[in-house]
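Summary of the model geometry
Each chain, letter by letter, is given below.
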Amino acid sequence: MDTLTKKKEDEGQAPKTKRITGSEAIILSLIEEGVEVIFGYPGGNIMPVYDALYHYQDKHIRHILARHEQGAAHAAQGYARVSGKVGVALATSGPGATNLITGIADALLDSTPLVCITGQVGSPLLGTDAFQETDVIGISMPVTKWNVLVTKAEDIPAAIAKAFYIAKSGRPGPVLIDITKDAQFAQFDYEYKKCTSVRSYIPAPKVEASKIEEAATIINSAQKPFALIGQGVILGAAEAELRAFLEKTGIPAAWTLLGNSALPTDHPLNVGMLGMHGNYGPNIKSNECDVLIAIGMRFDDRVTGDVKRYAKQAKVIHLEIDPAEVDKNVKTTVAILGDVKESLPLLTEKVSANKHEAWMEEFKKCAEIEFEKVIKHDIFPEKEGLTMGEVIRKINEKTKGEAVMVTDVGQQQMIASRYFKFNKTRSVVTSGGLGTMGFGLPAAIGAKLGAPDREVIAVIGDGGLQMTIQELGTIFQDEVPVKIVLLNNTFLGMVRQWQQLFFDKRYSSTPLINPDFIAIAKAYCIAGEKVTDRSNLEAAIDTMLNHKGPYLLEVKVEKEDNVFPMVPAGCSVSEIRLE
Amino acid sequence: MEQEYFITAFSENSIGLLNRITIIFTRRQVNIESLNVSQSSIHGIHKFTIVVNTTREKVEKVTKQIEKLVEVLKAFYHTSEEVIQQEIAVYKVKTEALMNSKEIENLVRNSGARILEITPDYTVIEKTGYKSETQELFDKLDQYGVTQFTRSGTVAVTKNPKELLTEYLKEVGWKA
Ligand SMILES: Cc1ncc(C[n+]2csc(CCOP(=O)(O)OP(=O)(O)O)c2C)c(N)n1
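Since this is a predicted model, take the numbers as computed values, not measurements.

Concerning the packing of aromatic side chains
Residue and element names in this part refer to chain A.
- Going through the model one piece at a time under the given rule, you end up with 14 aromatic pairs over all chains.
- Ring centres of Phe226 and Phe363 lie 5.1 Å apart, and the angle between their planes is 50°; this geometry places the pair in the tilted category. Placement of Phe226 in strand 9 (residues 225-229) and of Phe363 in helix 15 (residues 357-379) is noted, with a sequence separation of 137 residues between them.
- Judged by relative accessible area, Phe226 falls into the buried class, the value being 0%.
- On the basis of relative accessible area, Phe363 is assigned to the buried category, the value being 5%.
- Summarising the aromatic geometry, the rings of Phe299 and Tyr310 are spaced 6.0 Å apart at their centres and angled 70° between planes, so their arrangement reads as edge-to-face. Here the residue Phe299 occupies a position in the loop between strand 12 (291-295) and helix 13 (301-304), and Tyr310 occupies one in the loop between helix 13 and strand 13 (315-320), the gap between them amounting to 11 residues.
- Ring pairs connect the aromatic residues Phe188, Tyr190 and Tyr192, which therefore count as one cluster.

A look at the domain arrangement of chain A
All names here are of chain A.
- Examined at the domain level, chain A breaks down into domain 1 (4-190), domain 2 (209-363) and domain 3 (384-556).
- On the side of domain 2, seven residues touch domain 1, which itself brings seven residues to the contact.
- Taking both partners together, domain 1 and domain 2 bury about 620 Å²; carbon and sulfur atoms supply 54% of that area.
- It is Arg81, Asp110 and Arg171 that lose the most area in domain 1 upon contact with domain 2, and together they represent 65% of the buried surface on that side.
- Counting every contact that joins domain 1 to domain 2 gives two salt bridges.
- Arg171 is paired through a salt bridge with Glu325; the nearest N and O atoms lie 2.8 Å apart.
- Across the contact surface, domain 1 and domain 2 share three residue pairs in polar contact (both at pLDDT 80 or more).

Remarks on the side chain of A:Thr118
All names here are of chain A.
- Mapped onto the elements of the fold, Thr118 is located in strand 5 (residues 114-120).
- Thr118 gets classed as buried once you look at its relative accessible area, which sits at 0%.
- For Thr118, the residues in contact, after removing those within four places along its chain, are Ile46, Ala91, Thr92, Ala97, Leu100, Val136, Leu176, Ile177, Asp178 and Ile179.

Cut-off values and rules
- Residues numbered from 1 in each chain as written.
- Chains lettered and ligands numbered in written order.
- Predicted model: local features only at pLDDT ≥ 70, side-chain atom pairs only at ≥ 80, totals over all residues.
- Heavy atoms only, no water.
- Phe/Tyr/Trp six-rings, centres within 6.5 Å; stacked < 30°, edge-to-face > 60°.
- Helix = DSSP H or I, 4+ residues; strand = E, 2+ residues; numbered from the N terminus.
- Buried < 20%, exposed > 50% of the residue type's maximum accessible area, 1.4 Å probe, protein only.
- Domains from an automatic or database assignment.
- Contact = heavy atoms within 4.5 Å.
- Buried area = accessible area lost by both parts, 1.4 Å probe.
- Salt bridge = Lys/Arg side-chain N within 4 Å of Asp/Glu carboxyl O.
- Polar contact = N/O pair within 3.5 Å; in protein donor to acceptor, adjacent residues only side chain to side chain.

What follows is the structure, encoded as structure tokens:
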């Protein structure tokens, strides 16, 4: 038994268990799980917990008051993604809980460990359509890894212990605990036991030696092997194991949006980004390689393009923790189930050392073509207007790959993901699976709290910023020193791009008439500057990075720039367009 | 090719699990033909028997998604050749109809059905068998007017000698 009360007992005073309220038990249980920061918003049915928090606030747990529960959920996600710990969000019943849902859905698709605690009406009122009663268990069921309704105080510690275990083990995901108000008030004998297993749940299947053998044989005879890195590598903390595998075999590797930063950008075997707006080589070579080694990734349709014409020529080896992902989208030749942290070293041991110089050369050729056609114009533009790409290039020059990048969704997300450079893992916080606009600003708050010693740069569009702009209030109140880079093209840029390419430039509801963002920041006492001219860009970035507190740098970029390359929806990755 | 599949899921007996399972089908637009939940032969473990008409690919994916649920220990799918299955049907007819025609009595006898209750007003008949058999009896009885009819979900056991879960339980070191 490893509990706070137990520690006290060891000191020779307190009894074995302690009679406390359910709400105090919630806080003590969170402390037992090592929680230092929670993100939330109070309301009637969670008030007892906030009252308990009042007592523990300064000593043990920091509570960050968001300005909207969606913001609290995204902040918890940002925190979890950079720190590897479980993010915690707290909300009241009814609207508080439903406001969390977008963040929870986002966390499920992006495998982010969250524990969300919501207050619920008193148990006698359940099912009576009481004030602020919603069936949060029902609503969140399809978007959580697990959820539970707790109606008795004595069930709280075990529910929280189980929630943390499920959220972070195996393929991580969001978990929700709905706790009735009477359970928060009731007194009981508290004692905490960490959860280390659940009978019906196997977090990670065992790695089968025979599969390793089969995969090694295929890899050893491959002429054009190609590795795809997913977030599974980061979630499994298998970055070193990945490098060892790649460096021994000399296999070129590309990454998914969420696998970004698992391998340093400048690593010689890093050939770039996969997917709809990924790099040219990784896309076309997916359909030319002879062996595809997918490591902790799930063949999202944004990565595969038309899946019927995806990598049909290749033998597919899939290293994956979640059996339901195997053969879901792409048929595998060999599936190595299990945690990549375990399977990668076993595979590395069995594969022969190799170099694939000619094959690497093909990627280099593609990179040169892409540089000439796309990258050069993105990051060293000759036209008058500023481009998103050159802003990212300039930031790279200053942060030298050390910063955490947070993005919102849209063109700015793709450009930032393409051009931002990373030396360290867990440097990317972006909404991949759900593509949630409004994610960026609150996620950056969480990221900064999860990695206080790192520079956190949030790249956000003018549309997305306005979806959660009220979180500037959180940044202000809690003095969270995030650097916000607003790339303002006065359009819902990514949608406008599709309208230009596929809807005859009929810009239906995509132009934005924007407020004075710098003035809004100023109203929250957040310093900022607007850059409209290239000659001021570098100095403005310096000012931002040298500024102690939070900062908003708005850059007026070209209105109608497009993100290329692009694999148009429904096309094969081979049909990637460079213009 | 679509065909009949029997999905068997072994689970904890927890509130809401049925909902978790059915939304997996709803989302993928797979219709549940029949559903039964009961105890399994292993103490404390419940068993879902779900019948669907779908393709092998779909049933495989759905089964994996079911097994992924935290409260589900293991899920399997089988074709109708691999299981022994039965359904139970109860039929209510007017006793008057029974009295007026010798046919009903013959139907009951020849189809291996039995009479559960006779009152002056109504008679309740029960038959166990394949769906096609209980349906056939319905069609015949209905000529005389069936006033109420209910068919249960399919219950099925596999042709395996043991409960499919035993291996799993051994693996995770769980003793009943
Ligand atoms: C919540 C939500 N609503 C709608 C969308 C659809 N959508 C994707 S990108 C985009 C435009 C984003 O515009 P902006 O934030 O200005 O960024 P830009 O693309 O210009 O960089 C929209 C509307 C979305 N992803 N999320």
